[in-house]
There are 2 protein chains.
Amino acid sequence: MTVHEIGKKAKEITNILGILGSEKKNQGLRSAAEALISGATEILAANQKDVEKATKSGMNAGLIDRLELTSDRIGAMADGLLSVAALEDPVGEFLSMKNRPNGLTIGQKRVPLGVVGIIYEARPNVTADAFGLCFKSGNAVILKGGSDALESNIAIVKWLQIGLSDAGLPQDSIQLITDTDREVTKEFMRLREYVDVLIPRGGAGLIKAVVDNSTIPVIETGTGNCHVFVDESADFNMALDIIFNAKTQRIGVCNSCESLVIHREIAPKFLPLLKERLSLKSVEIRADKEACSLEPSFVPATEEDWGKEYLDYILSLKIVGSIDEAINHINQYSTRHSEAIITSDYGNSQKFLNEVDAAAVYINASTRFTDGYEFGFGAEIGISTQKLHARGPMGLKELTTTKYIIYGNGQVRP
Amino acid sequence: MTVHEIGKKAKEITNILGILGSEKKNQGLRSAAEALISGATEILAANQKDVEKATKSGMNAGLIDRLELTSDRIGAMADGLLSVAALEDPVGEFLSMKNRPNGLTIGQKRVPLGVVGIIYEARPNVTADAFGLCFKSGNAVILKGGSDALESNIAIVKWLQIGLSDAGLPQDSIQLITDTDREVTKEFMRLREYVDVLIPRGGAGLIKAVVDNSTIPVIETGTGNCHVFVDESADFNMALDIIFNAKTQRIGVCNSCESLVIHREIAPKFLPLLKERLSLKSVEIRADKEACSLEPSFVPATEEDWGKEYLDYILSLKIVGSIDEAINHINQYSTRHSEAIITSDYGNSQKFLNEVDAAAVYINASTRFTDGYEFGFGAEIGISTQKLHARGPMGLKELTTTKYIIYGNGQVRP
């Protein structure tokens, strides 16, 4: 099937999905969860093919771990669908309803986006997650997964579709593009006629390719060069705990800390403690000249380091003379994901909140909390680092748009 | 100055604009309004140059009328800025604020987008309007107007900047790209580093060029192939009044009616009345075979007619056998702007509201009401026909985004 045909099929069922009741959608999700369990043997066998191919081609152990499925992981995917079934349906909510002087009644109602496209990399569990969120919010979803997980994704989509059919629901609610040709992916990115929004999930390279090539509106997600600024009034223990958590609790994620900004006044006392704490996880510190002169064991940073998302046990460190200098540095190099200040000063805390331009700005807490579950949404389709439509963690509501509905009784414009 | 330099300058002042108090912004708007009046002679002289050039090059009278400024029109531009000053400031509103079980307090606050780019065609009054809305919502704006209005725009922007300076505010809050080279416009559309959103205002060709070339997130505005569906239960007089209003009250606008869909049951009785009413404004009706056989004076429609935005005294007409056929036809050819049903049937009214996919869906009212002022926003930067970020008329709120602010006391992620 061509990408064009896939898009057309998806568009054709948006009217059915858009008016499905919540209970019917929840039935579909429960049925899809059951089907994943029924198909587990087949899904695991398909996944084994992907893992063998990846091993042969020399993929590193970390990536293979992300690619590999187990019975438990399939169980977790099914549980994920059940959790989404338990969430409140965002569709149909009225954001406003008012009467106008001419007698018109104008309401703004939440409706599905229509067709959501998702382009993502190796982790096959995204396939079921993305389907669950899109389906619950009344959207058809078209997935383009990474070629490394192709066999796994084909099997997962097949069983999700079986689940939908079993519940009497359109199986084209989820479709997978299986052609791995790059030109096909480009064609997908220009399918504006059928696809309402495109969400890339993956590394900076993937996201840039989508932004550069798509004519469909894109929600940019994910890249995080997150800073922690230690103000001169910071509680040292709190600062050390937060930095250690934000850097090392999980290194491969977009809300982990990649760069520290330290106030000059406290640097001589704070840097040795920092070095000691981060040495517990052998974190490499790439610092500016001033910090290197205080701590010769630090690696000298280059200009490139300030903008880098390491996703590794590495962080950059810059010393500043004031909160203004800290804010300027952060606003210059940040990817506008998550930024934190550690301070005891009320004025500085407010200044940082107001002037740092990012999706999430923290006072005295770890940047690792930027996450749909931690924010209480019960789900997450990604973290938007752009300003249009949605900013920060995106849950079900962010997969919807609105429609104005107007009740009249013959009004014409004078 | 290069486009890159203009972008950089705009970005640099976003921090100042983002935290300006409402009263300071209103002062700026009042001062800019005064400056427009002070500069009226110079603005009119510049406009005369544009008008002379356009006349020589053979521009039609309608377009020249849109281009031409008068003292009254400059007065109206100044009044527009004063009206915007009187509107509520959207910046700083909290959409939510909640405590999490771990003691974090998470708030979602409305903040400016940052830098807004607007690409528009000949009408020079857009220059002042767009500035007013962007400035009030805390954004820097970069304008790229049509070359036909270049001298006018240069003069208007000069005096708006004088007004800002007089009020002690950054004059780069509004900047104009004066280089008319197409490559410069393309460069502007790829200035993602500095520009947060791009809003094209103009005809379908301009909008398509922006959508195809921009890497900056775009809000698509304006094109409207709006339908009115006359259901079999419609009140004929109401239908005739609404169609006449929606088609002829103002022909050159995106919310005017371009296509009629008529239920077969009423066609024989309704078409003669329709023909009579529309003949008052000599409207050409391009109809399908069935309608042409009932009314031989109708012009036979081609496939191309169904998707056409005429912006003229022309409309297309299709006969259908059911509301489902009407909805399918509308969803196939609509630009998702504004669609109306004329009906006395409760079930059909609800079905139409639910199943027609458009920014604004009307029961028994003219599509001409889709407008920021008519919806009670007090202003309008355009009408979004896409689903991302904003859908329908966009006022001040739609020129903002949100930021999560998180108050902690040392929380780390377990």
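Residues numbered from 1 in each chain as written. Chains lettered and ligands numbered in written order. Predicted model: local features only at pLDDT ≥ 70, side-chain atom pairs only at ≥ 80, totals over all residues. Heavy atoms only, no water.

The subject of this paragraph is the pairing of strand 4 (residues 140–144) of chain A. Residues and elements named next belong to chain A. By the criterion of burial, strand 4 is predominantly enclosed, with five of the five residues buried. Inspection of the sheet shows strand 3 (residues 115–120) paired to strand 4 by five bridges, in the parallel sense. The residue bridging Val-115 from the neighbouring strand is Ala-140, located in strand 4. Examined bridge by bridge, strand 4 and strand 5 (residues 174–176) share three bridges and lie parallel to one another. By the bridge assignment for strand 5, Val-141 is matched with Ile-174. Following the backbone out of strand 4, through helix 8 (residues 150–166) and into the adjacent parallel strand 5, one traces a crossover that is right-handed. (Buried < 20%, exposed > 50% of the residue type's maximum accessible area, 1.4 Å probe, protein only. Helix = DSSP H or I, 4+ residues; strand = E, 2+ residues; numbered from the N terminus. Pairing = 2+ DSSP bridges. Right-handed = clockwise from strand over helix to strand, strands pointing away.)

Turning to a negative patch on the surface, a few remarks are in order. A cluster of like negative charges, contributed by Asp-179, Asp-181, Glu-183 and Glu-187 of chain A, occupies part of the molecular surface. One can find Asp-181 of chain A in the loop between strand 5 and helix 9 (182–189). (Patch = residues over 30% accessible without salt bridge, like charges linked within 9 Å, V, L, I, M, F, W, Y side chains within 5 Å. Areas by Shrake-Rupley, 256 points an atom, 1.4 Å probe, with all protein chains shown as cover. Salt bridge = Lys/Arg side-chain N within 4 Å of Asp/Glu carboxyl O. Lys, Arg positive; Asp, Glu negative; His and termini not counted. Charge placed at Lys NZ, Arg CZ, Asp CG, Glu CD.)

All names here are of chain A. Within the secondary structure, His-227 is located in strand 7 (residues 226–230). In terms of polar contacts, His-227 uses its side chain to reach the backbone carbonyl oxygen of Asn-225, at 3.2 Å. Filtering out sequence-adjacent residues up to four positions away, His-227 remains in contact with Ser-259, Val-261, Trp-306, His-329, Ile-330, Tyr-333, Ser-334, Ser-338, Glu-339, Ala-340 and Thr-367. (Polar contact = N/O pair within 3.5 Å; in protein donor to acceptor, adjacent residues only side chain to side chain. Contact = heavy atoms within 4.5 Å.)

One non-glycine residue, His-389 of chain A, lies in the positive phi region at around 75°. With respect to the secondary-structure elements, His-389 of chain A resides in the loop between strand 14 (382–384) and strand 15 (392–394).

Quick look at the relation of the copies chain B and chain A now. Expressed as a screw operation, the relation of chain B to chain A combines 0.0 Å of axial shift with a rotation of 180°, fitting to an RMSD of 0.0 Å. Here the two chains are linked by the operation of a two-fold rotation axis. Scanning chain B for the C-alpha nearest the rotation axis identifies His-389 of chain B, at a separation of 1.7 Å. Mapped onto chain A, 100% of the interface residues of chain B again fall at the interface, so both copies present the same surface. (Least-squares fit on C-alpha atoms with pLDDT ≥ 70 in both.)

This next bit is on the UniProt feature "domain: Aldehyde dehydrogenase" (unreviewed entry) in chain A. Per the UniProt record, "domain: Aldehyde dehydrogenase" (unreviewed entry) is found at residues 91–280 of chain A. Here residues 91–280 of chain A runs as 38% helix and 24% strand, with 48 Å between its end C-alpha atoms. (UniProt positions renumbered as here; feature names shortened; annotations may be inferred.)

It is worth spelling out the domain arrangement of chain A at this point. Residue and element names in this part refer to chain A. With domains assigned, chain A is organised as domain 1 (3–220 + 386–407) and domain 2 (226–369). Centre-to-centre separation of domain 1 and domain 2, based on C-alpha positions: 35 Å. Facing four residues of domain 1, the contacting portion of domain 2 comprises four residues. Here domain 1 and domain 2 share an interface that buries about 340 Å² over both sides, 37% of which is from carbon and sulfur atoms. For domain 1, the biggest contributors to the area lost against domain 2 are Lys-387, Arg-391 and Gly-392; these three give 75% of the whole. On inspection of domain 1 and its partner domain 2, the count reaches two salt bridges. Residues Asp-357 and Arg-391 are paired through a salt bridge, measuring 2.8 Å at the closest nitrogen-oxygen approach. One can count two residue pairs in polar contact (both at pLDDT 80 or more) joining domain 1 with domain 2. (Domains from an automatic or database assignment. Buried area = accessible area lost by both parts, 1.4 Å probe.)

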